[in-house]
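Reading the structure
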Amino acid sequence: MNKALLDTDTFSESMKGVDRTVVDRGLALSLAGLKSLREEHARTVEPARALAREASGLERRVSDLVNRAYGLTAAEEALMWSTAPPRMPISGPSAVD
């Protein structure tokens, strides 16, 4: 699980269930440590997640505008997406306002 993709509450909860080997080695987080970790996640990761969502929306918008500029039909666009590489930054067409 990529903890960077989790919201603050889910991240905090996931950190409470620390792996047994970490606990056995005396590295478990205290309540104060969990609180500090939660605050830092909210301060740093949440803004980054918001920017990533915005970037994803902009990528999708640019993709849709390019498809429109080339005058692709729905069938051509569907063909393009069905043959797209698996690591595309966005996943398929969306409606453009």
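Provided above is the structure to which this section pertains.
By convention here, each chain's residues receive numbers from 1 onward along its written sequence. Note on the predicted model: pLDDT of at least 70 is required for a residue's local features to be given, and 80 or more for side-chain atom pairs to be given and counted; whole-chain, interface and lining totals, by contrast, use all residues. Heavy atoms throughout the structure, all of them, feed into the side-chain values; hydrogens and water do not.

Runs of H or I in DSSP of at least four residues are treated as helices and runs of E of at least two as strands, each being numbered from the N terminus. Scanning the protein from terminus to terminus reveals four helices and zero strands. Burial classes: relative accessible area under 20% of the type maximum marks a residue as buried, over 50% as exposed, and values in between as partly exposed (1.4 Å probe, protein chains only). Counting across all 97 residues of the protein, residues that qualify as buried make up 15%. The contacts in the protein between residues at least 6 apart in sequence include a share of 61% that link residues at least 24 apart. Each accessible area is a Shrake-Rupley result for a 1.4 Å probe, and residues are judged covered by the shown protein chains and nothing else. In the form shown here, the protein has an accessible surface area of approximately 7,300 Å², with 61% of it arising from carbon and sulfur atoms. Residues are treated as being in contact if the distance between any of their heavy atoms lies within 4.5 Å.

With that settled, the discussion passes to the environment of Glu46. Assignment of secondary structure puts Glu46 in helix H3 (residues 31-69). Placed 38 residues apart in sequence, Glu46 and Thr8 show a C-alpha to C-alpha distance of 7.2 Å. Sequence-distant contacts of Glu46, that is, excluding residues within four places in its chain, are made with Leu6, Asp7, Thr8 and His41.

Function cannot be read off these values alone, since they describe shape.
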